[in-house]
Amino acid sequence: MVFDYIEKYPHRTKQILGISYEQLQTLLECAQKRHKEIKEKQESQKIRINASGGGRPTKLSIQEQVCLCLFYLRQMPTFQVLGMLFGVSKTEANDTFHDWIPILRDILPSSLLE
């Protein structure tokens, strides 16, 4: 919902997330690249019993997951409200946030993140 709104009204991105639309696009590219590197590293070290690709697919795209994280950092809603805004459960919102924080800490300078 929030990411769709930002895509529809990019001039309001700064009000919602605290960064401009162009900065968001750059951040999304960096975050996707870093996320891919981490997943490849994890896959190379993993001992598999089952074939890859199994399991439940994620409800949110990578862009939506990063947006969820940024929205939480800017607005500080409860995970219940965050989940409602993004169409996921509060547990999934919490897990998504905590999965992406280390990646965003790698990408962003600490002054911007905190």
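Residues numbered from 1 in each chain as written. Predicted model: local features only at pLDDT ≥ 70, side-chain atom pairs only at ≥ 80, totals over all residues. Heavy atoms only, no water.

*Asks:* Would you take a moment to explain helix 4 (residues 62-75) for this structure?
*Replies:* Side chains of residues three or four places apart in an α-helix project in the same direction, reflecting 3.6 residues per turn. Here helix 4 contains 14 residues, and its C-alpha end-to-end distance of 20 Å stays within 8% of the 20 Å for a straight helix at 1.5 Å per residue. Three or more residues of helix 4 are buried, namely Glu-64, Gln-65, Val-66, Cys-67, Leu-68, Cys-69, Leu-70, Phe-71 and Tyr-72. Contacts made by the buried residues of helix 4 are with helix 1 (2-8), helix 2 (13-17), helix 3 (21-45), helix 5 (79-86) and helix 6 (90-107). The positive-phi residue at the C-terminal boundary of helix 4 is Met-76, with phi of around 55°. (Helix = DSSP H or I, 4+ residues; strand = E, 2+ residues; numbered from the N terminus. Expected span 1.5 Å × (residues − 1). Buried < 20%, exposed > 50% of the residue type's maximum accessible area, 1.4 Å probe, protein only. Contact = heavy atoms within 4.5 Å.)

*Asks:* How should the nonpolar core be read in this particular structure?
*Replies:* Membership of the largest hydrophobic core comes to 29 residues, with the highest contact counts inside it found for Leu-17, Val-66, Leu-70, Leu-82 and Phe-86. Of all elements in the fold, only helix 1, helix 2, helix 3, helix 4, helix 5 and helix 6 reach the threshold of two or more residues within this core. At 7 residues, helix 4 tops the list of elements feeding residues into this core. (Core = buried A, V, L, I, M, F, W, Y, C linked by side-chain atoms within 4.5 Å.)

*Asks:* In this structure, what is going on with the packing of aromatic side chains? I would like to understand it.
*Replies:* The geometry of two aromatic rings is summed up by the distance between their centres and the angle between their planes. All chains considered together, the criterion is met by 5 aromatic pairs. Taken together, a centroid distance of 4.9 Å and an interplanar angle of 50° make the contact between Tyr-5 and Tyr-9 tilted. Judged by its relative accessible area of 33%, Tyr-5 falls in the partly exposed class. An aromatic cluster of three or more residues is present, and its members are Tyr-72, Phe-79 and Phe-97. (Phe/Tyr/Trp six-rings, centres within 6.5 Å; stacked < 30°, edge-to-face > 60°.)

*Asks:* Can you help me understand the packing of helix 3 against helix 6 in this one?
*Replies:* How two helices pack is summed up by the angle between their axes together with the distance between the axes. Between helix 3 and helix 6, whose axes approach to 10 Å, the crossing angle comes to 115°. Pair helix 3 / helix 6 crosses with right-handed handedness. When helix 3 is examined against helix 6, the residues Leu-27, Cys-30, Ala-31, Arg-34, His-35 and Ile-38 are found in contact with a partner set consisting of Trp-100, Ile-103, Leu-104, Asp-106 and Ile-107. (Axes fitted to C-alpha atoms, helices over the stretch in contact; angles between N-to-C directions. Left-handed = near helix turned anticlockwise from the far one by under 90°.)

*Asks:* Honestly, the pattern of salt bridges in this entry has me stumped. Any pointers?
*Replies:* Opposite charge on two side chains allows them to pair when their charged atoms are near. What the rule picks out here adds up to 3 salt bridges. Between Arg-34 and Glu-37 there is a salt bridge, and its shortest N-O distance comes to 3.3 Å. Of this pair, Arg-34 and Glu-37 both sit in helix 3, 3 residues apart, which is roughly one turn of that helix. On the basis of relative accessible area, Glu-37 is assigned to the partly exposed category, the value being 39%. (Salt bridge = Lys/Arg side-chain N within 4 Å of Asp/Glu carboxyl O.)

*Asks:* Which parts of the structure should I look at to understand the packing of helix 4 against helix 5?
*Replies:* Running from amino to carboxyl end, helix 4 crosses helix 5 at an angle of 140°, the nearest separation of the two axes being 11 Å. Taken together, the axes of helix 4 and helix 5 are oblique relative to one another. For helix 4 against helix 5, the interelement crossing comes out right-handed. On helix 5, the residues touching Glu-64, Cys-67, Leu-68, Phe-71 and Tyr-72 of helix 4 are Phe-79, Leu-82, Leu-85 and Phe-86. Taken together, the residues that form the contact of helix 4 with helix 5 break down as 8 nonpolar, no polar and 1 charged. (Parallel < 35°, antiparallel > 145°, perpendicular 65-115°, else oblique. Nonpolar A, V, L, I, M, F, W, Y, C, P; charged D, E, K, R; others polar.)

*Asks:* Help me understand the environment of Pro-77, please; the structure alone is not making it clear to me.
*Replies:* Position of Pro-77 among the secondary structure elements: in the loop between helix 4 and helix 5. Expressed as a C-alpha distance, the spacing of Pro-77 and Trp-100, which sit 23 residues apart in the sequence, is 17 Å. With residues near it in sequence (within four places) discarded, Pro-77 still touches Phe-71, Tyr-72 and Leu-82.

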